[in-house]
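Here is what each chain is made of, one letter per residue.
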Amino acid sequence: MSHADLHAHYLAPSVLEAIRRGDLAPYIRLIDTPEGMRIAYPGSVTRVVGDRMVGLEHRIAHLDELGFEVQVLSPWIDTFGYELPEDVAVRYHTLLNEGMAAAMDAYPDRFRFLASAPLPYPHATRSVLDHAVRHLGAVGSMIGTNVNGRNLDIPELEALWETSTGLGVPVELHPVNVVETDRLDHDQLDNFLGNPFDTTIAAASLIFGGVLDRHPRLSVILLHGGGYLPYAVGRMTHGRIARGVAPMLLRNPIDYLDRFLYDTVVYDEQTLQSLARIVGKERLLLGTDYPFDMEPDEPVAGVERWLGADALSTIDATAARLTGAPRRTDASKR
């Protein structure tokens, strides 16, 4: 069975070309710096846009080197653009999705993609995600672990959960704009600790905010092994009872672990084995975090060595259900 990478980022050259032409001005523009090209948004500026982010040849060669047959392309968190006005956001996220779809069309045996969504706008989210799945071939979506600092149980995101459930596709959560504190402002602690912590907050907000109860068929993928959720959920469960929190929930927090899928990007044998015991091997997915330097050394071989060949086959089967052939209903509408 083929191996699939469910945690990777891509930005199509066509998006950069549209920005340079001024198609999204004045809200999005390119900045040429001594370090390289960056993208400026109303409230943020990206890191340097590297060749590995926009190129496909090295990406494919790297997949071959690691043993992956398929990679699921997804947005780069620096380009989520949740601060954009609604009309601009629709055009922009459609461009992102069309760029990923073009890469998939160029290499249909190697790539799938997760759509970008114009959050927090409900109507725009419905239309862009529906178009991405039905007409561009997206196999799901990727969103941030918060939307402009707001947790994922806000009413504006109900359209995302409803549309994803209706289309039968998962939503992958990636840390972005993680909780800020001066105590994380050194030695990359905002990345090393802040990223998994923000994933934990996002998952907890879906549980305690009743999102998973309201949408029982919703599938959610948590990156970085689910952050600290698998290890904090016992405290959440005890605390809910002891403190009388969220009495409307249908289950205890620990019983919602089976509502998530978890990538294997945890870097450590004992951590991965513990994760597999807690959530089950059938809920795991391989990932690389390409093109960033946080990629695990052996994202396929390491998982097989640490969990065994049978577990790897189970993981591959889970991925295959998510990464099958695109389900376009009318590709001519692209």
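Rules of the game
Residues numbered from 1 in each chain as written. Predicted model: local features only at pLDDT ≥ 70, side-chain atom pairs only at ≥ 80, totals over all residues. Heavy atoms only, no water. Axes fitted to C-alpha atoms, helices over the stretch in contact; angles between N-to-C directions. Helix = DSSP H or I, 4+ residues; strand = E, 2+ residues; numbered from the N terminus. Parallel < 35°, antiparallel > 145°, perpendicular 65-115°, else oblique. Left-handed = near helix turned anticlockwise from the far one by under 90°. Contact = heavy atoms within 4.5 Å. Nonpolar A, V, L, I, M, F, W, Y, C, P; charged D, E, K, R; others polar. Pairing = 2+ DSSP bridges. Phe/Tyr/Trp six-rings, centres within 6.5 Å; stacked < 30°, edge-to-face > 60°. Buried < 20%, exposed > 50% of the residue type's maximum accessible area, 1.4 Å probe, protein only.

Engineer: Quick rundown of the packing of helix α8 (residues 194-208) against helix α10 (residues 229-243)? Include the residues and the values.
Structural biologist: Contact pair α8 / α10: the axes reach a minimum separation of 11 Å and the direction vectors enclose 40°. On the basis of the axis angle, α8 is oblique to α10. The crossing of α8 and α10 is right-handed. Side by side, α8 and α10 meet where T200, A203, A204, I207 and F208 of the first sit next to L229, M236 and R240 of the second. Per-class residue counts for the contact of α8 with α10 are 6 nonpolar, 1 polar and 1 charged.

Engineer: Would you mind going over the sheet that holds strand β4 (residues 70-73) in detail, with residue names and values included?
Structural biologist: A sheet is described by the order of its strands in space; here 3 strands give the open sequence β1-β4-β5, paired in parallel fashion. Sheet topology places β1 (4-5) and β5 (111-113) at the edges, where each strand pairs with a single neighbour. Alignment of β4 against β5, held across 3 bridges, turns out to be parallel. Residue pairing across strands places V72 opposite R112, the latter belonging to β5. Taken strand by strand, helix α4 (residues 86-106) contacts β4 and β5, and its axis lies near 160° from that of β5.

Engineer: Kindly report on the sheet that holds strand β9 (residues 260-263), identifying the contributing residues and their values.
Structural biologist: Here 5 strands make up an open sheet; going across it, the order is β6-β7-β8-β9-β10 and the pairing parallel. Edge strands, defined here as strands with exactly one partner in the open sheet, are β6 (141-144) and β10 (284-285).

Engineer: With reference to specific residues and values, describe the packing of aromatic side chains.
Structural biologist: Evaluation of the coordinates by the stated rule reveals 4 aromatic pairs. Residues F80 and Y82 carry aromatic rings whose centres are separated by 5.2 Å and whose planes lie at 10° to one another, so their mutual orientation is stacked. Each member of the pair, F80 together with Y82, is buried. Seen in terms of ring centroids, Y107 and F111 are 6.0 Å apart; in terms of plane orientation they differ by 85°. Their pairing is edge-to-face.

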